[in-house]
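What follows is the residue order along each chain.
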Amino acid sequence: MTVSVFVGTSVDGFIARPNGTFDFLDEGGGEPHGYEEFIATVDTIVMGRNTFEIVLAFPEWPYGKKRVVVLSSKPVDLSAVRGGVVEHMGGTPAEIVAKLAATGAHHLYVDGGITIQRFLEAGLVNRLIVSRVPVLIGQGIPLFGPLTHDLRLHHVATRHYPGGLVQSEYTIAS
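Parameters at a glance
- Residues numbered from 1 in each chain as written.
- Predicted model: local features only at pLDDT ≥ 70, side-chain atom pairs only at ≥ 80, totals over all residues.
- Heavy atoms only, no water.
- Helix = DSSP H or I, 4+ residues; strand = E, 2+ residues; numbered from the N terminus.
- Rg over C-alpha atoms; globule rule 2.2 N^0.38 Å.
- Contact = heavy atoms within 4.5 Å.
- Pairing = 2+ DSSP bridges.
- Axes fitted to C-alpha atoms, helices over the stretch in contact; angles between N-to-C directions.
- Core = buried A, V, L, I, M, F, W, Y, C linked by side-chain atoms within 4.5 Å.
- Buried < 20%, exposed > 50% of the residue type's maximum accessible area, 1.4 Å probe, protein only.
- Phe/Tyr/Trp six-rings, centres within 6.5 Å; stacked < 30°, edge-to-face > 60°.
- Arc of directions from axis to C-beta.

Caption draft 1: How the structure looks around the overall build of the protein chain. Looking only at helices and strands, the protein chain has 4 helices and 10 strands in total. Reading the helices (α) and strands (β) of the protein chain from amino to carboxyl end gives β-β-α-β-α-β-β-α-β-α-β-β-β-β. A compact globule built from 174 residues should have a C-alpha radius of gyration of about 16 Å, and the protein chain, at 16 Å, falls within 12% of that. Here the C-alpha coordinates of the protein chain stretch approximately 40 × 40 × 30 Å along the principal axes.

Written out as structure tokens, the structure is:
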């Protein structure tokens, strides 16, 4: 099973403003930067409850018929999903990966700050793609959080785009 993160941040490392909005990501020029190609390889999207609630406010469900798993220790109201395939799951990252593997998932896309941090800490992320948008926002929700041990990364590639976005891809060294 491959577990990937594909995320945009400000140059100072924030994935969202303190209120959860990420309007600053448009500063990257809105140009194609590999997301469509990446998402085409994913069969299951795993996100936290906060990210799910933000996505629900989008004008359209952005994931089509891809399986979306919302992580929460509390019940989640899935009735507002329009046209998506969404389920609720709880447990540790290792338990979630095991459950999803048992149901045939092959490539997970992990999204949402706390969820990304937990999967990284558990040593379950294989691929990390970080797109840095050329803006400093000074405060917000950080991409990375505390770790109990170092995570060594192997640099795969860095790409830059005309709008100023710089994207680095890593694998997690074992």
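Caption draft 2: Local environment of the environment of T44. Secondary-structure assignment places T44 in strand β3 (residues 44–48). Between the C-alpha atom of T44 and that of L100, which follows or precedes it by 56 residues, the distance is 8.4 Å. Ignoring sequence-local partners within four residues, the contact set of T44 consists of R67, V69, L100, A105, H107, L108 and Y109.

Caption draft 3: The sheet that holds strand β6 (residues 107–111), seen in detail. Overall, mixed pairing links the 8 strands, which are arranged β5-β4-β3-β6-β1-β7-β10-β9 in an open sheet. The sheet is open, and its two borders are formed by β5 (85–89) and β9 (153–160), each paired with just one other strand. Averaged over all neighbouring strand pairs, the angle between strand axes comes to 20°, with direction disregarded. Bridge count for β9 against strand β10 (residues 166–172) is 7 bridges, and the pairing is antiparallel. Looking at β10, one finds that A157 is bridged to E169. On top of the sheet, helix α4 (residues 113–121) reaches β1 (2–10), β3, β4 (67–71), β6 and β10; it is set at about 125° to β6, its chief contact.

Caption draft 4: Representation of the nonpolar core in the model. Core analysis: the biggest nonpolar cluster contains 24 residues, and V46, L100 and F119 have the highest contact counts within it. Listing elements by their share of this core, those giving two or more residues are β1, β2 (14–16), β4, α3 (93–102), β6, α4 and β7 (127–133). Filtering out sequence-adjacent residues up to four positions away, F119 remains in contact with V3, V46, L71, P93, I96, V97, V110, L124 and V125. Among the nonpolar cores identified, the runner-up in size contains 18 residues, and V55, L56, V68 and V70 belong to it.

Caption draft 5: Here's a closer look at the side chain of R67. Assignment of secondary structure puts R67 in strand β4. The class of R67 is buried, set by a relative accessible area of 17%. Apart from the residues within four sequence positions on either side, R67 is in contact with D43, T44, I45, V85, E87, M89, L100 and T103.

Caption draft 6: Layout of the packing of aromatic side chains. Inspection of every chain in the model, using the stated rule, returns 7 aromatic pairs. For the ring pair F22 and F58, a centre distance of 6.2 Å and an interplane angle of 75° mean the geometry is edge-to-face. One end of the pair, F22, is in the loop between β2 and α1 (35–40); the other, F58, is in the loop between α2 (49–56) and β4, and 36 residues separate them in sequence. Owing to a relative accessible area of 31%, F22 belongs among the partly exposed residues under this scheme. Using a relative accessible area of 27% as the deciding quantity, one classes F58 as partly exposed. Between F38 and Y109 the ring centres are 5.2 Å apart and the planes differ by 90°, which places this aromatic pair in the edge-to-face class. With F38 in helix α1 and Y109 in strand β6, this pair connects stretches of sequence that are 71 residues apart.

Caption draft 7: View of α4. Residues G113, T115, I116, F119 and L120 constitute the buried set of α4. Projection of α4 onto a plane perpendicular to its axis shows the buried side chains occupying an angular sector of 165°, all on one side. Looking one or two places after α4, you find G123, whose phi comes out positive at around 75°.

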